[in-house]
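# Overview (structure and organization)
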Amino acid sequence: MGASKQGDRRQIQTAVLGSIDSEEPLLLPLEAIELDAFRRHHEHDTFWCGLLLGGCGLQLTTKLYTDRVCSLSSSAC
C-alpha cells in the first residue's frame, strides 16, 4: 500500500445493495484494480446509503482513484 493510501484517514461510507431499505451490506474494494472487477460484478446493481445503517437514503456511486482509496459517494452525503 502506498504512503498516500496509508495516510488517508477518511471514514469509508457504508453501503447497502439494491434499495435504501436493504439489509444487505456491501464492502467496496479500496484499490482501483479491484474496483474495476467489482463494477463488472455489480453492473446491474445499485448502491445506497442505507436507512437501517443510519444513512441519508440516497443512491451512491463508486469513485475510482489511483492516488487514494476508492470510495462510495453521493452529492448530498
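The rules behind these values
- Residues numbered from 1 in each chain as written.
- Predicted model: local features only at pLDDT ≥ 70, side-chain atom pairs only at ≥ 80, totals over all residues.
- Heavy atoms only, no water.
- Helix = DSSP H or I, 4+ residues; strand = E, 2+ residues; numbered from the N terminus.
- Buried < 20%, exposed > 50% of the residue type's maximum accessible area, 1.4 Å probe, protein only.
- Contact = heavy atoms within 4.5 Å.
- Polar contact = N/O pair within 3.5 Å; in protein donor to acceptor, adjacent residues only side chain to side chain.
- Core = buried A, V, L, I, M, F, W, Y, C linked by side-chain atoms within 4.5 Å.

A few words now on the environment of Ser22. Along the polypeptide, Ser22 turns up in the loop between strand 1 (15-17) and strand 2 (25-26). Judged by relative accessible area, which is 11%, Ser22 ranks as buried. C-alpha of Ser22 to C-alpha of Leu52: the two residues are 30 residues apart in sequence and 7.7 Å apart in space. Residues in contact with Ser22, not counting those within four places in the same chain, are Val16, Leu17 and Leu52. At 2.8 Å, the side chain of Ser22 and the backbone oxygen of Leu17 are in polar contact. At 2.9 Å, the side chain of Ser22 and the backbone nitrogen of Glu24 are in polar contact.

Ranked by size, the top nonpolar core spans twelve residues in total: Ala15, Leu17, Leu26, Leu28, Ala32, Leu35, Phe38, Phe47, Cys49, Leu60, Cys70 and Leu72. Ignoring anything within four residues of it in the chain, the contact list for Leu17 reads Ser22, Glu24, Leu26, His42, Asp45, Thr46 and Phe47.

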